[in-house]
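# Observations on chain architecture
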Amino acid sequence: MKSLCIDLFKNCSATSLAGTRSSRVLTYRFQRTNYQTHLPSTKLTFSSYSTKTCFATLSTVTSEVEEKQTFNPDKAGELVKELRNSFNSGRTKSYEWRMSQLENIAKMLEEKEKEITEALYKDLSKPEVEAFISEIVTAKSSCNEALKELRQWMIPQKVNTSITTFPSSAEIVSEPLGVVLVISTWNFPFLLSLDPVIGAISAGNAVVLKPSEIAPATSSILAKLVEEYLDNSAVKVVEGAVPETTALLEQKWDKILYTGSARIGRIVMAAAAKHLTPVILELGGKSPAVVHSDVDLQVAVRRIIAGKWALNNGQACIGVDYIITTKDFAPKLIEALKIELEQFFGKDPMNSKDISRIVSSTQFKRLAKMLDEDKVSDKIVLGGQMDENQLKIAPTILLDIPEESQLMQEEIFGPLMPIVTVEKIEDSFDVINSRPKPLAVYVFTNNEQLKKGFVENISSGGMLINDTVLHVSISGLPFGGVGESGMGSYHGKFSFDGFSHKKAVLYRSFSGDSSLRYPPYTPEKQRLLKAVISGDIFSIILALIGWSK
């Protein structure tokens, strides 16, 4: 799920610098434009953790030049210091604080659903139903699960001890890591911002969220709502683009979660390595759908469409990137896709209100370049229409394009769907395993041996048999990649665990102290010590009476 644009975008703002619950918050917002004579506007915001936000505009009348507010490494350092002070106070560690923040998030999701949906439409033309299901409902589900299960998650896990520490007890204590950074993405800009934040708060951390500048409306609403509903001394949003992200990455964090491309993931990991900061990287990849000829074709096709074009128009890291099927079955599959795509989006999908647009002109041009590549455009069997003014590309299917083409070498992240044909379906194993490990693999078949073969022989972040993308809705399953598709995972308790340190604790009393562990180590002690360590009761008895095996 792509983030961290390399170009500077128009709307940037420094973070809200907040104090305690009752403190006032001074927020600097500024505009970057192409006009050097344009003076940035400064907005003075007064808010309280427990009340609604009110705004007052401060007009700065100076002689000629208004100093531009920038979010630089020094300001980022001040921000982290402030959050670390809040964390060190111990407030975020309490069950009561965590619950209050989660309850406020749940309240926010109920009260601001319309505003969130409108922001998603501004950024992506995301249909209301799709926005509700894929972003708002999923965020609600994560929050509700945390509210329900948090007390149980926080209970230390008891662990068995051994005879060598008798008498004793042991447990694993989940403690918050500290101050964590979440760098989000633009394709599901609300969900993929809020979901990790829910996990970080559940674990008792202070959090900085950096939303994607490529989805400016959602970034803005996130900044507004976090300031309005959450404890701004411990949870903050920093808006902006590359300079702001770079300033944040120069700081010492206790964990970083980044969602985006593998290329930027390497930059994030390199920055984290300077401070030995652990990372969770959600990076995507080319996720294939393998379709056998023994399937219910209509159902399979509808589910593939749902996992491609009805999922942010292909702009999803878990979306189907390409299809593998046999040469004999490909014509039937293509015809079924044509029929169902027309049922879903009409004869002219460019005018459909049920399909998202491409997020930006940069992404549009990237996809257009892929499609116009030599020996690719003549492989189109459906679609291919493009409208740069509306940032629309029709659902497009291509058959057997060259392996060296960009479409087959890079993650597509758009409405273009190559179909790769093989002689027999088992050959799909080699096709998938010849590439970097994907974030997801989808397999459509009724053949039990084939299902078993995929599970045993294909390495991927996740796998779904006879459907697409729904595995991410199961909170009991971890969501994460492997190899090039990422490291670490979150969702449900995995989010809590991902932002926690599992501290090993052993309890002993002053009773039961044995001279066995202390010098001098006589032959008798050595025999008994070896017997105790081996755990062999018979050997222990023999050692105690002075015998040996």
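Note: the structure precedes this text.
What comes next is a walk through the structure. Note that the coordinates shown come from a computational prediction; the quantities given were computed from them, not determined experimentally.

## Thoughts on unusual backbone geometry
For the peptide bond that leads from Phe166 to Pro167, omega is -5 degrees, which places it in the cis range. With an omega of 0 degrees, the peptide bond running from Pro519 to Pro520 counts as cis. Residue position: Pro520 is located in the loop between strand S22 (500–508) and helix H16 (523–534). Located in the positive-phi region is Ser125, a residue other than glycine, with phi close to 55 degrees. Relative to the helices and strands, Ser125 is located in the loop between helix H3 (113–124) and helix H4 (128–154). Ser125 gets classed as buried once you look at its relative accessible area, which sits at 16%. Within the chain, Asp400 stands out as a residue other than glycine whose phi angle is a positive 50 degrees. Its location among the elements puts Asp400 in the loop between strand S17 (396–399) and helix H12 (406–409). Here Asp400 falls in the partly exposed class, since its relative accessible area comes to 31%.

## Some details on the packing of aromatic side chains
Using the criterion set out here, one finds five aromatic pairs in the structure. Ring plane angle 80 degrees and centroid distance 5.9 Å describe the contact between Phe479 and Tyr490, whose orientation is recorded as edge-to-face. Residue Phe479 is found in the loop between strand S20 (462–465) and strand S21 (486–487), and its partner Tyr490 is found in the loop between S21 and helix H15 (493–498); the two are separated by 11 residues along the sequence. For Phe479, a relative accessible area of 7% gives the class buried. Here Tyr490 falls in the buried class, since its relative accessible area comes to 1%. In this structure, Arg151 is placed above the aromatic ring of Tyr95, and the distance from its NZ or CZ to the ring centre is 4.0 Å. A cation over an aromatic ring shows up here: Arg435 above the ring of Tyr322, its NZ or CZ 5.3 Å from the ring centre.

## As for H16
Compared with an ideal rise of 1.5 Å per residue, which puts 12 residues at 16 Å, H16 spans 17 Å between its outermost C-alpha atoms and is within 8% of the ideal. When H16 is considered as a whole, its buried residues turn out to be Lys525, Leu528, Ala531 and Val532. The arc enclosing the buried residues of H16, seen along the axis, measures out at 135 degrees, which places them on a common side. Projecting away from the buried face of H16 at angles above 90 degrees are the exposed residues Pro523, Lys530 and Ile533. One or two steps after H16, the chain reaches Gly535, where phi turns positive at roughly 75 degrees.

Criteria and thresholds
- Residues numbered from 1 in each chain as written.
- Predicted model: local features only at pLDDT ≥ 70, side-chain atom pairs only at ≥ 80, totals over all residues.
- Heavy atoms only, no water.
- Helix = DSSP H or I, 4+ residues; strand = E, 2+ residues; numbered from the N terminus.
- Buried < 20%, exposed > 50% of the residue type's maximum accessible area, 1.4 Å probe, protein only.
- Phe/Tyr/Trp six-rings, centres within 6.5 Å; stacked < 30°, edge-to-face > 60°.
- Lys NZ or Arg CZ within 6 Å of the ring centre and 35° of its normal.
- Expected span 1.5 Å × (residues − 1).
- Arc of directions from axis to C-beta.

So far we have only geometry, and geometry alone does not tell us how the molecule works.
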